[in-house]
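Examination of the molecular architecture
The primary structure of each chain is shown beneath.
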Amino acid sequence: MKEPAQEWLAQALPQVEADPHAIHRLFPQAERRGGPGARRALLGALHGHHAVIHSLYEAGDSGERLAILTALHELDLEGTAVGLVEDALRTNDARLVAAALGPYGSAWLDDHSFRQGVLKCVFMSIPLAAVAELDRRFDAELARMLSDYAAELRAAGRPVPRDVLERI
């Protein structure tokens, strides 16, 4: 006999596969009824329906948005979800900002947006270790931006984060 969470998920997945819009009803309750990983499984059942994922993100609370952002790189969306990442970078929720610079954001953001996202992480005291592919995306302009910010901190008598010092 299946556990209640497994049973719920076993019933929810075929509903989403048959009607992608069913996720709007199921996603908010997925973590509570389906357990950890249920939201990610439901997103996978969408098979890349980017319009549904966009509307789900738009209607979601921060926990739901976080689940979407952390799963983007697994959803075969190519660059269609960059707008969601850019939206998350405009928030003041450190969890969303960090998730925005996960594998999907680091793969698809343009250089300017990526650099601004990294700088926002520093402003928000999000460790740079949270930024996926930072070594690959790090360039002279990002080094200059971080160096300028470090100079501002020093001028104000404030400490420069260690991970910034290691990069400049």
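Residues numbered from 1 in each chain as written. Predicted model: local features only at pLDDT ≥ 70, side-chain atom pairs only at ≥ 80, totals over all residues. Heavy atoms only, no water.

1. Comments concerning the overall build of the chain
Using the following cut-off: By the criteria applied, helices consist of DSSP H or I runs no shorter than four residues and strands consist of E runs no shorter than two, each listed in order from the N terminus. Every residue pair with non-hydrogen atoms within 4.5 Å of one another is taken to be in contact. Methods summary: accessible areas were calculated by the Shrake-Rupley approach with a probe of 1.4 Å, and residue burial reflects only the protein chains presented. The charge count includes Lys and Arg as positive and Asp and Glu as negative, but it does not include His or the ends of the chains. Note on charges: their place is set at NZ of Lys, CZ of Arg, CG of Asp or CD of Glu.
Scanning the chain for helices and strands turns up 12 helices and zero strands. With respect to the principal axes defined by its C-alpha atoms, the chain has extents near 60 × 30 × 25 Å. Considering only intrachain contacts with a sequence separation of at least 6, the fraction spanning at least 24 residues in the chain is 61%. Surface accessibility of the chain: about 8900 Å² in total, with carbon and sulfur atoms responsible for 51%. Positive and negative side-chain charges in the chain, numbering 18 and 24 respectively, have mean positions lying 4 Å apart.

2. Remarks on the pattern of salt bridges
Selection rule: Definition used for salt bridges: Asp or Glu carboxyl oxygen within 4 Å of a side-chain nitrogen of Lys or Arg. Only protein chains enter the area calculation, which uses a 1.4 Å probe; residues under 20% of their type maximum are buried, those over 50% are exposed, and those in between are partly exposed.
Counted under the stated rule, the structure contains 12 salt bridges. Ionic pairing is found between E64 and R39, a salt bridge with its closest N-O pair at 3.9 Å. Taken together, the residues span a long stretch of sequence, with E64 in helix 5 (residues 62-71) and R39 in helix 3 (residues 38-44) at a distance of 25 residues. On the basis of relative accessible area, E64 is assigned to the buried category, the value being 8%. For R39, a relative accessible area of 10% puts it in the buried group. Its salt-bridge partner being R167, residue D135 comes within 2.7 Å of it at the nearest N-O pair.

3. Details of the packing of helix 5 against helix 6 (residues 82-89)
Keep this limit in mind: An axis is simply a line fitted to the C-alpha atoms; with a helix, the fit covers only the stretch in contact. Between two such axes, the angle follows the N-to-C directions and lies from 0 to 180 degrees. An angle below 35 degrees is read as roughly parallel, one above 145 as roughly antiparallel, one from 65 to 115 as roughly perpendicular, and any other as oblique. Whether a crossing is left-handed or right-handed is set by the direction in which the near helix is turned from the far one by less than a right angle, anticlockwise for left-handed and clockwise for right-handed. In this classification, the charged set is Asp, Glu, Lys and Arg, the nonpolar set is Ala, Val, Leu, Ile, Met, Phe, Trp, Tyr, Cys and Pro, and all remaining amino acids, among them Gly, are polar.
Orientation of helix 5 relative to helix 6, taken along the N-to-C sense of each, is 130°, at an axis distance of 11 Å. On the basis of the axis angle, helix 5 is oblique to helix 6. The two elements helix 5 and helix 6 cross, and the hand of that crossing is left-handed. Listed contacts from helix 6 to R65, I68 and L69 of helix 5 are L84, V85, D87 and A88. Of the residues that constitute the contact of helix 5 with helix 6, the class distribution is five nonpolar, no polar and two charged.

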